[in-house]
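# Chain and residue survey
Here are the chains, one letter per residue:
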Amino acid sequence: MKSQIIKKVVLIGDARVGKTSLIKRFVTGLFNPTYQITLGTTIMKKDVEYADRTVTLSLWDVGGQEVFKQIRSKYYYGSEGALAVCDASKRITFENLTSWVDSFREVVGDQPIVFIANKNDLAELEITETDMKQIVEKHKNATFLFTSAKSGNNAEKAFQTIVNMMIEKED
Ligand code: G3D
Ligand code: MG
């Protein structure tokens, strides 16, 4: 029989970088350009296979409250991994990742992180592969990917990567 495990993963990063879009792309396969901004955390679930296991991902989306630093620690509690998302066309969102990741690791310790430079479908990018490599080198248990929730490029891979890292850490 397959064993079943549940893993909580949070998406962190500035507002409008594409966190909700990445979750929707992964869970529904669709990109849908108009959203209502709902205040409050949304949790979406999806099963991912890893070898002989089924991993139920519980994906936590901060939902429009990114500015309120005081809610962060409650949101992080119990997470076993994070996707730290920036907008590859907006430098400032990359600069802000360090503060997101620091606050995450203050609560949960060295849980794995996938750094994501999203919107790589856009023509003018302000983040390079070198930038991403540098931020990864500054953190333990981290890797990076460029994604597009719009085209779907690497969206699934982002979630599969965090699953692999979480399970490998456990084994
Ligand atoms: P957030 O959850 O991090 O706040 P959203 O971000 O998922 O709400 O996305 C913010 C805006 O960026 C949305 O624009 C969304 O359509 C757009 N977006 C998200 N991912 C991508 C992507 O990969 N490429 C491009 N080009 N745009 C993306 P609107 O204007 O629709 O509100
Ligand atoms: Mg959102």
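First, a word on what this report is: a plain description of the structure on this page. Just so we're clear, the structure is a prediction, and the values are computed from it rather than from any experiment.

### Looking at the packing of aromatic side chains
Counting across every chain of the model gives four aromatic pairs. Here the aromatic residues Y75, Y76 and F104 are joined through ring pairs into a cluster of three or more. Here K46 stacks its cationic end above the ring of F26, 4.5 Å away from the centre of that ring. One Lys or Arg, R72, reaches over the ring of W100 and ends 3.6 Å from the middle of that ring.

### Focus: the packing of helix α1 (residues 19-28) against helix α6 (residues 155-170)
Where α1 contacts α6, the axes come no closer than 9 Å and their chain directions differ by 90 degrees. Considered as vectors, α1 and α6 are oriented roughly perpendicular to each other. Residues L22, I23, R25 and F26 of α1 pack against A155, E156 and F159 of α6. When the residues that make up the contact of α1 with α6 are grouped by side-chain class, the tally is five nonpolar, no polar and two charged.

### A short note on the pairing of strand β1 (residues 3-12)
Looking at chain direction, β1 and strand β3 (residues 53-61) are connected through nine bridges and run parallel. When the bridges of β3 are listed, L11 appears paired with D61. Summarising the sheet, β1 and strand β4 (residues 81-87) pair through four bridges and their orientation is parallel. Bridge pairing in β4 places V9 opposite G81.

### What to know about the side chain of S89
Relative to the assigned elements, S89 resides in the loop between β4 and α3 (91-95). Among the polar contacts made by the side chain of S89, one reaches the side chain of D87 at a distance of 2.7 Å. The residues touching S89, leaving out its near neighbours within four places in the chain, are L122, E124, L125 and E126.

### Quick word on the pattern of salt bridges
Under the definition given, this model contains nine salt bridges. Of the charged contacts, one joins D87 and K119 as a salt bridge, the two residues approaching to 3.2 Å between their closest N and O atoms. Of this pair, D87 sits in strand β4 while K119 is found in the loop between β5 (113-118) and α5 (129-137), placing the two residues 32 residues apart along the sequence. A salt bridge links D131 to R91; the nearest nitrogen and oxygen atoms lie 2.8 Å apart. Of the two residues, D131 is situated in helix α5 and R91 in helix α3; the sequence distance between them amounts to 40 residues.

Rules and cut-offs
- Residue numbers here run from 1 along each chain, matching the order of that chain's written sequence.
- In the order they appear in the text, chains get letters beginning with A and ligands get numbers beginning with 1.
- Where local features are concerned, this predicted model is filtered to residues with pLDDT of at least 70; where side-chain atom pairs are given and counted, the filter is 80 or more; whole-chain, interface and lining totals use all residues.
- Side-chain metrics rest on all non-hydrogen atoms present in the structure, leaving aside hydrogens and water.
- Stacked, edge-to-face and tilted are the three classes for Phe, Tyr and Trp ring pairs, Trp counted by its six-membered ring, which pair at centre distances within 6.5 Å; planes under 30 degrees apart are stacked, over 60 edge-to-face, the rest tilted.
- Whether a charge lies above a ring is judged from NZ of Lys or CZ of Arg, which has to be within 6 Å of the ring centre and within 35 degrees of the ring normal.
- To obtain an axis, a line is fitted to C-alpha atoms, over the contacting stretch when the element is a helix, and the angle between two such axes runs from 0 to 180 degrees between their N-to-C directions.
- Strands here mean DSSP runs of E at least two residues long; helices mean DSSP runs of H or I at least four residues long; both are numbered from the N terminus.
- Should an angle fall under 35 degrees it is called roughly parallel, over 145 degrees roughly antiparallel, and 65 to 115 degrees roughly perpendicular, with every other angle called oblique.
- Residue contacts are counted whenever heavy atoms from the two residues lie within 4.5 Å of one another.
- Classification used: nonpolar for Ala, Val, Leu, Ile, Met, Phe, Trp, Tyr, Cys and Pro, charged for Asp, Glu, Lys and Arg, polar for all others including Gly.
- Any two strands with at least two DSSP bridges between them are considered paired.
- Whenever two N or O atoms come within 3.5 Å, that pair is a polar contact, provided that in protein one can donate a hydrogen and the other can accept it, and provided that, for residues adjacent in sequence, both atoms are side-chain atoms.
- Whenever Lys or Arg places a side-chain nitrogen within 4 Å of a carboxyl oxygen from Asp or Glu, that contact is recorded as a salt bridge.

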